[in-house]
Amino acid sequence: MRAWGVPLALLLVAGCGAVRPQPMMMAAEFRPPPVVDPNSMARKLTAMQPDWPRGPRVDCKKSKCVALTFDDGPGDYTTKLLGILRERGVRATFFVVGEMVAADKHHNLRRIVDDGHELGNHSWSHAQLTALSTSGIRYQLKHTQDLVERIAGIRMTLMRPPYGSTDKRVAAETKREGLAQILWNVDTLDWRDRVPSIVAKRAGKAKAGSIILMHDIHGTTVEAVPRLLSTLEHKGYTFVTVSELYGKPPAPGREYTER
Ligand code: NI
């Protein structure tokens, strides 16, 4: 009889209406809203995927490494991009926007994680964080952290400020949320120039330790990927996630633009 006590108590708590309803999430997953201490929930979720991101470890002190990064998704072309990256055995880092994750109908977020890519926080609504109040910055970061954690079981450790716009307040809030600020040193300007050959050419100019900025919400960028992979492979580069590029977890709050 005693064994029934705990589940019964949980059912009563879940049914009493004290928990904030989350209609959007309820259909997609069967986990009830957390009624436990959030810290213990985070530990449990981390334990579900202890070796994330997966894949062979590369020593970027010895190898010529570049980190491909894709922002603003997941979007309409993310599934196609994931297929290309999987086929070529390449891993990248995706800086996702919370609203896009919420609207993602193709389970791309889970697939990004399952394929061994790294995830980073790119705010909830692609807001310019420096223009927000401190509580506004906190909301943009935390709301995205929480949604990604509920869907993918991952607490992200990287973020990229939209428009690369950051200051001391943004730095303080990212540090508080446990997020390193990842900028870039190769800008493909793929949002402006929707021409695959131009995007591939700009990415191809990366140096060892570069972080390359692209956007997986543009079909032309995804079309550029096979070519830029070939160019960089030919030059002897290994593709790594941002955390792999540094060989250790980047420090929360700090800004990074290259290795
Ligand atoms: Ni962006």
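Report on the accompanying structure. (Residues numbered from 1 in each chain as written. Predicted model: local features only at pLDDT ≥ 70, side-chain atom pairs only at ≥ 80, totals over all residues. Heavy atoms only, no water.)

Let's shift gears to the coordination of the nickel ion. Reference geometry at the metal: tetrahedral coordination by four donors gives ideal angles of 109.5 degrees; octahedral coordination by six donors gives 90 or 180 degrees. Only Asp72 (OD), His122 (NE2) and His126 (NE2) from the protein reach the nickel ion as donors, at distances of 2.1 Å. Spacing between the donor residues of the nickel ion along their common chain follows D-x49-H-x3-H. Taken as a pair, Asp72 in the loop between β1 (65-71) and α4 (78-88) and His126 in the loop between β3 (118-121) and α7 (134-152) lie far apart in primary sequence, 54 residues in all. Each member of the pair, Asp72 together with His126, is buried. (Donors = N, O, S within 2.8 Å, 3.2 Å for Na, K, Ca; no water. Helix = DSSP H or I, 4+ residues; strand = E, 2+ residues; numbered from the N terminus. Buried < 20%, exposed > 50% of the residue type's maximum accessible area, 1.4 Å probe, protein only.)

By the burial criterion, the buried members of α4 are Thr78, Leu81, Leu82, Ile84 and Leu85. Buried residues along α4 cover an arc of 160° about the axis, so they all sit on one side. Seen from the open side of α4, the exposed residues pointing more than 90 degrees away from its buried face are Arg86 and Glu87. Next to the buried residues of α4 lie β1, β2 (93-96), α6 (108-114) and α10 (219-234). At the exit of α4 stands Gly89, carrying a positive phi of roughly 65°. (Arc of directions from axis to C-beta. Contact = heavy atoms within 4.5 Å.)

Okay, a positive patch on the surface next. The grouping of Lys64, Lys201, Lys205, Lys207 and Lys235 at the surface amounts to a positive patch. By the element assignment, Lys64 lies in the loop between α3 (38-48) and β1. (Patch = residues over 30% accessible without salt bridge, like charges linked within 9 Å, V, L, I, M, F, W, Y side chains within 5 Å. Areas by Shrake-Rupley, 256 points an atom, 1.4 Å probe, with all protein chains shown as cover. Salt bridge = Lys/Arg side-chain N within 4 Å of Asp/Glu carboxyl O. Lys, Arg positive; Asp, Glu negative; His and termini not counted. Charge placed at Lys NZ, Arg CZ, Asp CG, Glu CD.)

Another point: the pattern of salt bridges. For the structure shown, the criterion picks out 14 salt bridges. Of the charged contacts in the structure, one is a salt bridge between Asp146 and Lys142, with a shortest N-O distance of 2.7 Å. Taken as a pair, Asp146 and Lys142 lie in helix α7 at a separation of four residues, close to a single helical turn. Given the relative accessible area of 38%, Lys142 is considered partly exposed. Residue Asp193 pairs with Arg192 through a salt bridge whose shortest N-O separation is 3.2 Å. When salt bridges with common partners are traced through the structure, they connect Lys142, Asp146, Glu149, Arg155 and Glu177 into a single cluster.

What follows covers the pairing of strand β7 (residues 210-215). Here β7 lies mainly inside the structure; six of its six residues are buried. Every second residue of β7 is oriented toward a common face, with Ser210, Ile212 and Met214 on one face and Ile211, Leu213 and His215 on the other, all of them buried. Where strand β6 (residues 186-187) meets β7, two bridges bridge the pair, whose relative direction is parallel. Bridging across to β7, Val186 finds its partner in Ile212. Where the polypeptide runs from β6 across helix α9 (residues 196-203) and back to β7, its parallel neighbour, the crossover connection is right-handed. (Pairing = 2+ DSSP bridges. Right-handed = clockwise from strand over helix to strand, strands pointing away.)

Residues Leu68, Phe94 and Leu228 are the most contacted members of the largest nonpolar core, which totals 43 residues. When residues of this core are traced back to their parent elements, those giving at least two are β1, α4, β2, α6, α7, α9, β7 and α10. Apart from residues no more than four positions distant in its own chain, Leu228 is found in contact with Leu68, Ala200, Ala203 and Met214. Counting 13 residues, the second largest nonpolar core, distinct from the first, contains Cys60, Cys65, Ala67 and Phe95. (Core = buried A, V, L, I, M, F, W, Y, C linked by side-chain atoms within 4.5 Å.)

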